[in-house]
Amino acid sequence: SVPYEKGWTLKVDGIETEINLFEDTFVGVNLQEGEHTILLSYHPEKFMEGAVISSLSVIIFICLCFISRKCDYRYIDYVNHSL
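Below or above, wherever it landed, is the structure these notes cover. (Residues numbered from 1 in each chain as written. Predicted model: local features only at pLDDT ≥ 70, side-chain atom pairs only at ≥ 80, totals over all residues. Heavy atoms only, no water.)

Focus on the sheet that holds strand E2 (residues 15-17)
Read across the open sheet, the three strands follow the order E2-E1-E5; overall the sheet is antiparallel. Two strands lie at the open edges of the sheet, namely E2 and strand E5 (38-42), each paired on one side alone. With strand direction ignored, the average angle separating the axes of adjacent strands in the sheet is 35°. As paired elements, strand E1 (residues 8-12) and E5 share five bridges and run antiparallel to each other. From the neighbouring strand, Val12 faces E5, where its bridge partner is Ile38. (Pairing = 2+ DSSP bridges. Helix = DSSP H or I, 4+ residues; strand = E, 2+ residues; numbered from the N terminus. Axes fitted to C-alpha atoms, helices over the stretch in contact; angles between N-to-C directions.)

Thoughts on the environment of Ser41
Mapped onto the elements of the fold, Ser41 is located in strand E5. Through-space distance from the C-alpha of Ser41 to that of Trp8 is 5.7 Å; in sequence the pair is 33 residues apart. In this structure Ser41 touches Gly7, Trp8 and Thr9, once residues within four positions along its chain are discounted. At a separation of 2.6 Å, a polar atom in the side chain of Ser41 contacts the side chain of Thr9. (Contact = heavy atoms within 4.5 Å. Polar contact = N/O pair within 3.5 Å; in protein donor to acceptor, adjacent residues only side chain to side chain.)

Description of a nonpolar patch on the surface
Taken together, the side chains of Phe47, Met48, Val52, Leu56, Ile59, Ile60 and Leu64 present a nonpolar region at the surface, about 730 Å² in accessible area. Along the chain, Val52 turns up in helix H1 (residues 47-82). (Patch = residues over 30% accessible without salt bridge, like charges linked within 9 Å, V, L, I, M, F, W, Y side chains within 5 Å. Areas by Shrake-Rupley, 256 points an atom, 1.4 Å probe, with all protein chains shown as cover. Salt bridge = Lys/Arg side-chain N within 4 Å of Asp/Glu carboxyl O.)

Focus on unusual backbone geometry
The backbone of Asp13 shows a phi angle near 55°, a positive value even though the residue is not glycine. Within the element layout of this structure, Asp13 appears in the loop between E1 and E2.

Geometry only, nothing functional implied.
Now the structure itself:
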């Protein structure tokens, strides 16, 4: 049994199929008799937004580290030349 939540997709024999809720809680599907290939996949609703925000945060962090190092080297050069 798989609890239902937004983001589930169901494919039966390669064709996207509507998910039927069982007991208003679990993922269910009506099938004809015989063998079937069932693919159930889950993609969280806000996954892409979270991935973009995380990626931007890492890029900004790396840029700030680079800028901070560059400023430190300028300060060291300034101090060394003024002595």
